[in-house]
Amino acid sequence: MPVCSVPFAICVISRYPYFNALKDCLSCLLVQLRPFKDLDVEEHIKEFAAKLFLIPSPPPGPLHLVFNMKPLQIVIPSREDPDSPIIDLDLHLPLLCFKPEQVLQIMTCILTEQRIVFFSSDWALLTLIAECFMLYLHPLQWQHTFVPILSRQMLDFVMAPTSFLMGCHIDHFEEVSTETEDLILINIDNGDITHSKMAEEELEIPDVPAQAAETFIKRVESLQLHYDLELCHLRASTDLGELQMRRRAWQQKLNTEVQQTTLQLIVNIFREVKDHLNYEHRVFNSEEFLKTRATGDQPFYKKVLETYMFHSFLKARLNRKMDAFARLELSTQSEEDRFNLMFHTPRRLTMEKMASKRFNPQYMISRRMVISMPNLQDIKLPEGPTRNSSLRRIETSVAVKMPSKSVSTFKIPEIHFPLMFQCVHSYYTDFFNHLSKAINTLPPDNSALLARYFYLRGLISLMQGKLLNALSDFQNLDKTDLRIFPTDLVRKIVETMPPSERLQADRKPELKKLISRVMEKQREVMKIDDHVKNFELPKTHMQLDDFVKRIQESGIVKDIDTIHRLFDALTVGHQKQIDPETFRDFYNYWKETEAEAQEVNLPPTVIEHLDKNECVYKLSCSVKTNYGVGKIALTQKRLFLLTEGGRPGYVQIAAFRDIEDVKSTTVAFLLLRIPTLRIKTLSKKEVFEANLKTECDLWYLIVKEMWAGKKMADDHKDPQYIQQALTNVLLMDAVVGALQSSKTIYAASKLSYFDRMKNEVPMMVPKTTSETLKHKINPSAGETFPQAIDVLLYTPGHLDPSERPGNAHPKLWCALNEGRVVVFDASSWSIQQHCFKMGRSKLTCMIMVEQSHVWIGSQDSIIYIINTHSMSCNKQLNDHRSDVTDIIVEKKNGIPSEAYSSSLDGTVIAWNISTLKVNRVFQLPCQNLTSVKLHNDQLWCCTGSCILVASTHEFQLQMKIEHHLKDVCSYFLCFQLFPERDEVWASYSGSSDLYIWNTKDFSSTPQKIHLQDCSEITCMIRVKNQVWVGSSGRSQGKSKGKIYVISAEKKTVEKELVGHADTVKALCSAEDRYVLSGSGKEEGKIAIWKAE
């Protein structure tokens, strides 16, 4: 009798895309099922499913899980980081099926959200190819329908009117292509890309931007895509496990290279989106962004900018999300990019770009480029490639190589059958014990791996019903790797925890604080603003506040004081409000002026006279001068005459620093008086004269403002002044062009800020200050108003093999308000890391505990630990219960051995630097502990009422300096030790005196040093044999900050430095060669001083 067989299918459904792992599992199952009879098959499949159910998904990071599924060892890979996707397939498959140019076409179709259908005769390829393209987009995400496999009965899905990505068998190609229009049809088998035949007009799929495409194609062509070529030099292996391991290692390496190549493509396409974002008002100026794209690239961007995918990408940029895009964009920034972060330099053609465009075919097509120009900064830019919007040349010779990251594996214990309660319990117990053993044997400095073990052990405890144990393990992630902390899971645990266990948790301070933080975080998430606006011209009249907002959204300028002066200029002779027409005229004139400046094309004979980073910002009409006929050109450094005739030439008029006098006068010509501009310079006897006619008054204002700005910049060693002056003159020009009335010059004069300041308050810098001051930088550049500098930290440079050479430079860390930190490259004073956040509270102290870690204390009672390689906060210490006020490090034989942190409530904690465990805790008998110092196993603690001295080993009090002033309202502010002189220096609140005690006799009256013109001493540091003292004071009703340099030996003031227009809030030393000072919020700048 014939046997009737029925097909039997097994489908594994998972929340996670473990394609290769689950394929291997099914392959093993097939081998295991062969010897079984029909009745046994079903039972074995149940055991197979149960076993997969008990395997956890690994947390993000360098740990893969391995379990035995005979005859193979199955690897469950982790995602690289919390924001990265899981990758468990062969990412190079599309590169085998399509040419690089076709891959770019498909990427364009996806980025422009077309209706896409993949076809293949191989069902498996449909899913794998579609999934690969989704991963190529990362961190962008497809927002629409995604069905990689359609059955015959589901073909009508392709008639959906919205965007989608679907796949079906090649047998249905003709049916789909003839019955549905406007489809992109991609044949995986032969690599063809076509469109459906019913479309009335052929679909226009724009090309990927040319430079990004060229880079991508070259990098794809350099990849080794064939495993057989890899095997040529290897011996043959007869071990199945070794063969599997070899193939997996090769595939992981290739996957990483493909990821880097596709991510670089996305970064190259969208790198300059950030230049057209306004973070404060969450505005993207799409129109201006499009105008800055090369002509051939504009069709691509026009389509992409309308997509949901791009809108989500914008949200992430405005939220300053540090994802794969942001990290790669940051790591591949040029030196000029970092200067642009700090100074918002103009994006007009520099001389270097102007010279290079003559030989670049991209420039041969005449085009107009219009770019908004926020606060402009003048600084000598570094040697190297310069930037010009989408025409920037992308390096194509080598791929971006990220340091390879080592990955560990953890073997999951065997699962014993039959799956009864005892077996499952035994499995979880073994799993817990294996993890505990791994935790106990792991070196404490391997915190990344330690964090993954804590995470997994927390999950196992949760499955065992041990909620407190689970919370304790998750709490350990604070000190190992915060990024993988399962906030949602912990919140669910807390919400479902029985009252008795919740009571036990609240009795443990560390768990109580953890619960409080997690529940508070939920409320913060609900408050996040996630909208994105496109810039639009106003349609109603604007009062001052609305005008400020609109100008900031436009990207013209951000500084509030400057916008207030612009408002005054545009409302001269009218009510204090601006109508939509006036705003539109001003905005359009500003943009048109920028466009004209972009089209300035100077001959090589002129360019060779100018610095490579100079830009021409304004050209006059053709005028007659005593140097010849031509156009006066304005750069950020000089005026020159672009002479006319057969061959345009260059004649220097004046560098702004050489100007001695500027006058606007008239000269007689027949019966007329022609308005004339006269400029006298220090280097020439002959006075320059130009018959500027109607332009004369405006140029007079412009030259005087630039002259005054340059003098201020030179006197104060602050390049921001000349760039602010440049912003002012460009605004003047736009005001005159927009208003077209008899009062335009008077209106424009409202913007002559530096010229008026020079006339009203002569800003002479004392000689000592000028000689000692080297430079000034502004960490608040690009913000709407200055930010106070709360803490400064200098960290020396070092070269780590895993780092880019630029990361080895010394750094200056600057803490601003609300937990924000800006990091400068101290070798060039350019911004290296722009504004990352440590909580929301004021930061109080920073110190480099180890070469790779900076600890930052905050008023929220947390110590944040920054990894200096990744520039991210992966760990934090939560043991303090009050404001963290100071952190110091004890070194033995030059190696950090222990760290001490203090908090306002009088607590001092000694930390093991390697394990981050608490070694000792000490509670002072008084509160208001503001700072601590360390010397010879003694801890000096400054509180409001006294300075206490305790031993570091037992924390026993040894000495005490009592508050001795009669004013009971005053308290100790800061102090400094000179142990070799047996001295301690201290200051009191509200006092301008420094007091010096002899540490061998605290009962004696302290010496006193009076500081002239000082209201209060705010900070002090020791530099060699000097004490640098920061102070606050007032002059003519305004705050000011002075620095006093005092000889420790002579007890006399050697220098008084007038460096800040507000209180000196922070001081730090740079290897005893320089001293850096930071000021309050009225100025918000950092001064760099030369230490003697």
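Residues numbered from 1 in each chain as written. Predicted model: local features only at pLDDT ≥ 70, side-chain atom pairs only at ≥ 80, totals over all residues. Heavy atoms only, no water.

1. Quick notes on the overall build of the protein
Next up, step 1: Secondary structure assignment for the protein yields 30 helices and 47 strands.
Next up, step 2: Across the 1092 residues of the protein, 56% fall into the buried class.
Next up, step 3: Taking the contacts inside the protein whose residues are at least 6 apart along the sequence as the reference set, 58% of them involve residues at least 24 apart.
Next up, step 4: Of the accessible surface of the protein, which amounts to about 49500 Å², a share of 52% is contributed by carbon and sulfur atoms. (Helix = DSSP H or I, 4+ residues; strand = E, 2+ residues; numbered from the N terminus. Buried < 20%, exposed > 50% of the residue type's maximum accessible area, 1.4 Å probe, protein only. Contact = heavy atoms within 4.5 Å. Areas by Shrake-Rupley, 256 points an atom, 1.4 Å probe, with all protein chains shown as cover.)

2. Remarks on the sheet that holds strand β22 (residues 811–815)
Next up, step 1: Spatial ordering of the open sheet is given by β21-β22-β23-β24, a layout of four strands whose pairing is antiparallel. Looking at which strands have only one partner, the edges of the open sheet turn out to be β21 (791–795) and β24 (830–837). Taken pair by pair, the neighbouring strands of this sheet meet at an average axis angle of 15 degrees, ignoring direction.
Next up, step 2: Alignment of β22 against strand β23 (residues 820–825), held across five bridges, turns out to be antiparallel. Among the inter-strand pairings, W813 is bridged to a residue of β23, identified as V823. (Pairing = 2+ DSSP bridges. Axes fitted to C-alpha atoms, helices over the stretch in contact; angles between N-to-C directions.)

3. Section: the sheet that holds strand β1 (residues 63–69)
Next up, step 1: The strand order across the open sheet formed by three strands is β2-β1-β10, and the pairing between neighbours is mixed. Across the chains shown, the open sheet's two edge strands, defined by having one partner strand only, are β2 (72–76) and β10 (408–411). Sheet twist, expressed as the mean angle between neighbouring strand axes with direction ignored, is 35 degrees.
Next up, step 2: Bridge count for β1 against β2 is five bridges, and the pairing is antiparallel. From the neighbouring strand, V66 faces β2, where its bridge partner is V75.
Next up, step 3: Sheet strands in contact with helix α9 (residues 240–270) are β1 and β2, and its direction is about 25 degrees off that of β2.
Next up, step 4: Sheet strands in contact with helix α17 (residues 447–463) are β1 and β10, and its direction is about 55 degrees off that of β1.

4. Focus: the confidence of the model for the protein
Low-pLDDT portions of the prediction should not be read for the details of their coordinates.
Next up, step 1: For the protein, the average pLDDT comes to 85, and 89% of its residues sit at 70 or higher.
Next up, step 2: Taken element by element, the protein is modelled with least confidence in helix α14 (residues 335–343), mean pLDDT 61, and with most confidence in helix α4 (residues 100–111), mean pLDDT 96.
Next up, step 3: Counting interchain partners and residues more than four positions distant, the pLDDT-below-50 stretch residues 361–400 has 163 contacts. (pLDDT = per-residue confidence, 0-100.)

5. Observations regarding the pattern of salt bridges
Next up, step 1: In this structure the tally under the stated criterion is 46 salt bridges.
Next up, step 2: Ionic pairing is found between R678 and E689, a salt bridge with its closest N-O pair at 2.9 Å. Of this pair, R678 sits in strand β18 (residues 672–681) while E689 is found in strand β19 (residues 688–691), placing the two residues eleven residues apart along the sequence.
Next up, step 3: For R678, a relative accessible area of 31% corresponds to the partly exposed category.
Next up, step 4: Because the salt bridges share partners, they merge into one network encompassing E287, E288, K291, K591 and E594. (Salt bridge = Lys/Arg side-chain N within 4 Å of Asp/Glu carboxyl O.)

6. Some words on the pairing of β21
Next up, step 1: Along β21, five of the five residues are buried, which leaves the element largely enclosed by surrounding structure.
Next up, step 2: On β21, burial covers both faces: V791, L793 and T795 on one face and L792 and Y794 on the other are all buried.
Next up, step 3: Relative to β22, β21 runs antiparallel, the two being bridged by five bridges. Opposite V791, over in β22, you have A815 as the bridge partner.

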